[in-house]
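Read off the chains here:
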Amino acid sequence: MRKKVAVVSLGDCRLEFYNTRKHIADEENERLVEKLKEFYDVFCPDTVFNIDEGLACADEIKKRTISAVIIHIPIWVTPNLALRIANSTPYPVILFGNTRKDSSSTVAMLAVAGLLDQTGKKCKRIIGDIHDPSVLSEVKNVIEAISVVEGLKRSSYGMIGGRSIGIGTTVADPNQWQRQFGVEFDHCDQYEIVYRANELAEERVKKHLKWVKEHFTIAYSGRFDEKSLERQVRSYLALKDIAKEHCYNFMGVKCQPDMSDHFVLQCLGVALLNNNIDADGEKDPIPTSCECDCDGALTMRTLSLCAEKKPSCLVDIRYFDKETKEFILANCGSMAPYFADPEDENHALKESYMLEHSFGLAGGGAVQMVARKGDVTCARFIRTNGRYVLTCFEAEIYEKSREELRKTNYCYPTQFIRADIDYDKFFSTMNSNHLHTVYGKYKEVLKYLCEILGIEFICYNR
């Protein structure tokens, strides 16, 4: 579904004077609207000339549930007409103008921006030619950031279990989440997985077990056998049902040591929740962190929303070297098979291996793969003295052979990453052992997201 955007062009209360320059306003308005229609569902009401028209326009924007609002300033306009329009959305509005010498757009832009800023209404000033790729990119990044913030506000998180193996950076305050991000925060005990896993319809279990066997490359050994694989499949279906029944858009699963030692490792379930396909066909990923990492899951949900609901993941920061400018990112279980080949889902599954895990007395397999090359965004919501900060950098995944994994942990899914960043700053400020990635470049979207949320943004790229 295309995102909705309102483009409201302001007029001048001096109609006779406005009409002498109406041709400029019409030209600029057509250029802006037609370009944006290539990407968005654009609502473009008549030009606003007075306060009542502004109020009616604002009411219509609310009725249409449009969050992203562009106030267009093509020529000199009456500044206070912007106020009603700006208050039609809880988010910052984009003020868009042009640099034509015959338009007076610049002077009007400053007057409107100053008026809104005086009232405390946030706005983003953008001036230039919408056909200029850098100008268009800036407009799109702000619109996308607004969409992500709205997506978070409409999200519900399910914490399945609690803090795992003493990792204090994985916990979060539900009240802070609700206040700062608008996210609903719920809790469900891990016994729900065990109970539901044992009550599933046998035909459903057989269907998904058969699919996993046909699509993954499976190597049984030690504590990983057909019985533990079936328990892992049952766990996945139980988690999928929990998410559906409780309306969870994203989740965290504790796993260690309760489930990993006494029922089965949860790696397959978490990987498939994060994936874009299972035995039932294509699906929206449910961003899910292992070790019940709440801030990790929040970051994953954010990155997935940036990427139009493509899979995101949780990885451990296993190794980084500022001389070679590279990272090795690997974690025991939450990477979706999608990462093995984002372009071909069947090949991605064949390149995903299930091997005996390095821990877990209850048995089960780890989902191992090497992530496919491509541009990625790496990010993490961290907290410093109780205050949220979003850390971020753009990087490139490159590929190595599976044998390289023996240098870290062979059964773990792994990403090899090159990044030109400030490694000293990263080491001194990164308050987490977990990092999160998604294919694509989204640091500018994340920067604007932080402006909207009032959160500090740290970009490590040089």
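For the structure, check the block above.
No experiment lies behind these values; they were computed from the predicted model shown.

What counts, and at which threshold
Residues numbered from 1 in each chain as written. Predicted model: local features only at pLDDT ≥ 70, side-chain atom pairs only at ≥ 80, totals over all residues. Heavy atoms only, no water. 1 Å grid on protein atoms, 1.4 Å probe; cavity = no way out; pocket = protein on both sides within 12 Å on 5 of 7 lines; lining within 4 Å. Points joined across faces, edges and corners; volume = space filled by probe spheres on them. Pairing = 2+ DSSP bridges. Helix = DSSP H or I, 4+ residues; strand = E, 2+ residues; numbered from the N terminus. Core = buried A, V, L, I, M, F, W, Y, C linked by side-chain atoms within 4.5 Å. Buried < 20%, exposed > 50% of the residue type's maximum accessible area, 1.4 Å probe, protein only. Contact = heavy atoms within 4.5 Å. Polar contact = N/O pair within 3.5 Å; in protein donor to acceptor, adjacent residues only side chain to side chain. Phe/Tyr/Trp six-rings, centres within 6.5 Å; stacked < 30°, edge-to-face > 60°. Lys NZ or Arg CZ within 6 Å of the ring centre and 35° of its normal. Axes fitted to C-alpha atoms, helices over the stretch in contact; angles between N-to-C directions. Parallel < 35°, antiparallel > 145°, perpendicular 65-115°, else oblique. Left-handed = near helix turned anticlockwise from the far one by under 90°. Nonpolar A, V, L, I, M, F, W, Y, C, P; charged D, E, K, R; others polar.

Chemist: Describe empty space enclosed by the protein, naming the residues involved and giving the relevant values.
Modeler: The tally for this structure, following the rule as stated, stands at two cavities of 30 Å³ or more. Estimated volume of the largest cavity: approximately 70 Å³. Along the wall of the largest cavity there are ten residues; nearest its centre are Cys255, Cys267, Cys290, Glu291 and Cys332. If you add up the space inside the second largest cavity, you get close to 40 Å³.

Chemist: Please provide a residue-by-residue account of the sheet that holds strand E15 (residues 353-356), values included.
Modeler: With mixed pairing, three strands are arranged side by side in an open sheet as E8-E15-E16. At either margin of the open sheet sits one strand with a lone partner, and together these are strand E8 (217-218) and strand E16 (365-368).

Chemist: Could you give me a rundown of the nonpolar core, with the residues and numbers involved?
Modeler: Counting 67 residues, the largest nonpolar core has Ile160, Phe216, Leu268, Phe327, Phe339, Phe393 and Ile417 as its most contacted members. The greatest single-element share of this core, amounting to eight residues, is contributed by helix H10 (residues 226-246). For phenylalanine 327, the residues in contact, after removing those within four places along its chain, are Ile317, Tyr319, Phe320, Phe393, Gln415, Phe416, Ile417, Ala419, Ile421, Tyr423 and Phe426. Of all hydrophobic cores here, the second largest spans 55 residues; its members include Val142, Tyr157, Leu303 and Tyr448.

Chemist: Any details on the side chain of lysine 121? Residues and values, ideally.
Modeler: Mapped onto the fold, lysine 121 is located in the loop between helix H5 (105-119) and strand E5 (123-127). A polar contact is formed between the side chain of lysine 121 and the backbone oxygen of alanine 86, at a distance of 3.2 Å. Not counting residues up to four positions away in its chain, the partners in contact with lysine 121 are Ala86, Asn87, Thr89, Pro90, Tyr91, Val93 and Leu116.

Chemist: Please provide a residue-by-residue account of helix H12 (residues 267-274), values included.
Modeler: Burial within H12 is extensive, with eight of its eight residues counted as buried. Buried residues of H12: Cys267, Leu268, Gly269, Val270, Ala271, Leu272, Leu273 and Asn274, and no others.

Chemist: Any chance you could break down the pairing of strand E20 (residues 434-439) for me, citing the residues and the numbers?
Modeler: Within E20, six of the six residues are buried, which leaves it mostly tucked inside the rest of the structure. Of the two faces of E20, the one holding His434, His436 and Val438 and the one holding Leu435, Thr437 and Tyr439 are both buried throughout. Bridge count between strand E13 (residues 313-321) and E20: four bridges; the pairing is antiparallel. Within E20, the residue paired with valine 315 across the bridge is leucine 435.

Chemist: A description of the packing of aromatic side chains should follow, citing residues and the corresponding values.
Modeler: Using the criterion set out here, one finds 25 aromatic pairs in the structure. Each ring, one from tryptophan 177 and one from phenylalanine 250, has its centre 6.0 Å from the other, and the planes form 20°; the classification is stacked. Taken together, the residues tryptophan 177 in helix H7 (residues 174-180) and phenylalanine 250 in strand E9 (residues 250-253) connect sequence positions 73 residues apart. When sorted by exposure, tryptophan 177 lands in the same class as phenylalanine 250, which is buried. With a centroid separation of 6.2 Å and 45° between ring planes, the pair formed by tyrosine 398 and phenylalanine 416 is classed as tilted. One end of the pair, tyrosine 398, is in strand E18 (residues 387-398); the other, phenylalanine 416, is in strand E19 (residues 414-418), with 18 residues separating them in the sequence. Accessibility classification places tyrosine 398 together with phenylalanine 416 in one group, the buried group. Clustering of aromatic rings is evident, with ring pairs tying together Phe320, Phe327, Phe393, Tyr423, Phe426, Phe427 and Tyr460. Across the ring face of phenylalanine 39, the terminal group of lysine 140 is positioned such that the distance to the ring centre comes to 3.9 Å. Between the NZ or CZ atom of arginine 418 and the centre of the ring of tyrosine 398, over which it lies, the distance is 3.7 Å.

Chemist: Mind laying out the packing of H10 against H12, listing which residues take part and the relevant values?
Modeler: Two quantities define a packed helix pair, namely the angle between the helix axes and the distance between the axes. H12 packs onto H10 with a crossing angle of 45° between their chain directions and a minimal axis gap of 7 Å. Accordingly, the angle class assigned to the pair H10 and H12 is oblique. H12 is crossed by H10, and the crossing has right-handed handedness. Each of Leu229, Gln232, Val233, Tyr236, Leu239 and Lys240 in H10 lies in contact with H12, whose residues at this interface are Cys267, Leu268, Gly269, Leu272 and Leu273. When grouped by side-chain class, the residues that make up the contact of H10 with H12 number eight nonpolar, two polar and one charged.

Chemist: Let's hear about the layout of surface pockets: which residues, and what values?
Modeler: By volume, the largest pocket amounts to about 880 Å³. Lining the largest pocket are 25 residues, and of these Lys3, Ser147, Gly151, Arg154 and Lys309 lie nearest its centre. For the lining of the largest pocket, the elements supplying multiple residues, two or more each, are helix H6 (133-153) and helix H13 (294-306). Among the elements that take part in the lining of the largest pocket, H6 stands out by supplying six residues, more than any other. Grouping the amino acids of the lining of the largest pocket by side-chain chemistry returns nine nonpolar, seven polar and nine charged. By volume, the second largest pocket is sized at about 160 Å³. Forming the walls of the second largest pocket are Phe39, Tyr40, Ser137, Lys140, Asn141, Glu144, Cys306, Glu308, Tyr442 and Val445.

That is the geometry; function is a separate question.
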